[in-house]
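Letter by letter, the chains look like this.
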Amino acid sequence: DVKVTQSSRYLVKRTGEKVFLECVQDMDHENMFWYRQDPGLGLRLIYFSYDVKMKEKGDIPEGYSVSREKKERFSLILESASTNQTSMYLCASSFGNNEKLFFGSGTQLSVL
Amino acid sequence: SQKIEQNSEALNIQEGKTATLTCNYTNYSPAYLQWYRQDPGRGPVFLLLIRENEKEKRKERLKVTFDTTLKQSLFHITASQPADSATYLCALWNYGQNFVFGPGTRLSVLP
């Protein structure tokens, strides 16, 4: 069964901390994505990657960076966490550009 | 400006009835439209994809329509069950872009 695994279900951090969210997929997918989901706003794309060491900004990249050193792993980095980054973070992968997305279970991040 | 709207934030229906969820979009020309189901505390799960040249797609109790003139997709669940209660998301894909998601509709099927 295909799987996208996010390292933490719940995370509590303090303002100013550097935060790493890890995502691993076992489907050999080329494309990986990071979204955040907030009530009433839906899923918003933060960053995506179509290949190893490649990254592209999504709709709301400010305050975030990403790393994709290996095909199966895509990391989201909050350089200096702020309270407005409290959110549900969802990682997804897909085989092709218009293919269905496979999502992880999400990480609920609280920044205090 | 570009916008995706789903008919209502929440929809309650009686078990056994057909649930109809709406996805409307403005200033997009999607080549594909997808529907996902999301349960509380979980990531979305893909349900159906429909292409711009397709009018209708079915999968078991699910049916999706896509009207590019009205800029609308309808998602139907027939013979609804309490287990169908979840949030349903529509997502559009434009050529050269990524998927864009609607805000979702929370469906509650009452026994």
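In what follows, the structure referred to is the one given above.
Reading the values: the criteria
Residues numbered from 1 in each chain as written. Chains lettered and ligands numbered in written order. Predicted model: local features only at pLDDT ≥ 70, side-chain atom pairs only at ≥ 80, totals over all residues. Heavy atoms only, no water. Helix = DSSP H or I, 4+ residues; strand = E, 2+ residues; numbered from the N terminus. Rg over C-alpha atoms; globule rule 2.2 N^0.38 Å. Buried < 20%, exposed > 50% of the residue type's maximum accessible area, 1.4 Å probe, protein only. Contact = heavy atoms within 4.5 Å. Areas by Shrake-Rupley, 256 points an atom, 1.4 Å probe, with all protein chains shown as cover. Lys, Arg positive; Asp, Glu negative; His and termini not counted. Charge placed at Lys NZ, Arg CZ, Asp CG, Glu CD. Disulfide = S-S within 2.5 Å. Buried area = accessible area lost by both parts, 1.4 Å probe. Salt bridge = Lys/Arg side-chain N within 4 Å of Asp/Glu carboxyl O. Polar contact = N/O pair within 3.5 Å; in protein donor to acceptor, adjacent residues only side chain to side chain.

Participant: Help me understand the overall build of chain A, please; the structure alone is not making it clear to me.
Facilitator: Helix and strand content of chain A: zero helices and 12 strands. For chain A, the sequential pattern of α-helices and β-strands runs β-β-β-β-β-β-β-β-β-β-β-β. Taken over C-alpha atoms, the radius of gyration comes to 13 Å for chain A, in line with the 13 Å a tight globule of 112 residues would show. Considered along the principal axes of its C-alpha atoms, chain A spans approximately 35 × 25 × 25 Å. Relative to its full complement of 112 residues, chain A shows a buried share of 50%. Look at the contacts in chain A between residues 6 or more apart in sequence, and 55% of them connect residues 24 or more apart. When the accessible surface of chain A is summed, it comes to about 5,500 Å², and 49% of that surface belongs to carbon and sulfur atoms. Here chain A contributes 15 positive and 15 negative side-chain charges, whose respective centroids are spaced 5 Å apart.

Participant: I keep staring at the environment of Leu70(B) and nothing clicks. Help me out?
Facilitator: Mapping Leu70(B) onto the fold places it in the loop between β7 (62-67) and β8 (72-77). In the structure, Leu70(B) is positioned 13 residues away from Lys57(B) in sequence and 17 Å away in space, judged by C-alpha atoms.

Participant: Sorry, what's going on with the state of the cysteines here?
Facilitator: All chains considered together, the criterion is met by two disulfides over all chains. Covalently, Cys23(A) is tied to Cys91(A) through a disulfide, its sulfur atoms 1.9 Å apart. Looking along the S-S bond of the Cys23(A)-Cys91(A) disulfide, the torsion reads about -75°, which is the left-handed sense. Here Cys23(A) is found in strand β4 (residues 23-25), whereas its partner Cys91(A) is found in strand β10 (residues 87-94), with 68 residues between them in sequence. Residue Cys23(A) is classed as buried on the basis of its relative accessible area, which comes to 0%. The class of Cys91(A) is buried, set by a relative accessible area of 0%. Each sulfur in the disulfide pair Cys23(B) and Cys90(B) lies 2.1 Å from the other. The chirality of the disulfide connecting Cys23(B) with Cys90(B) is right-handed, given an S-S dihedral of about 65°. Separated by 67 residues along the polypeptide, Cys23(B) in strand β3 (residues 19-26) and Cys90(B) in strand β9 (residues 86-93) bring together distant segments of the chain. Neither residue differs from the other here; Cys23(B) and Cys90(B) are each classed as buried.

Participant: Just checking my understanding: could you explain the interface of chain B and chain A for this structure?
Facilitator: Frequently, the measure chosen for interface size is the accessible area removed from exposure when the parts meet. At the interface, 17 residues of chain B touch 20 residues of chain A. Between chain B and chain A, the buried area comes to about 1,500 Å², and carbon and sulfur atoms account for 54% of it. On the chain B side of the interface with chain A, the three residues burying the most area are Asn98(B), Phe99(B) and Phe101(B), jointly 33% of the side's total. One can count zero salt bridges joining chain B with chain A. Inspection of the region where chain B meets chain A yields four residue pairs in polar contact (both at pLDDT 80 or more). Of all the secondary structure elements, the ones that give two or more residues to the side of chain B that touches chain A are β4 (32-38), β5 (45-51), β9 and β10 (99-101) of chain B. Among the elements that line the side of chain B that touches chain A, the one with the most residues is β4(B), at four residues.

Geometry only, nothing functional implied.
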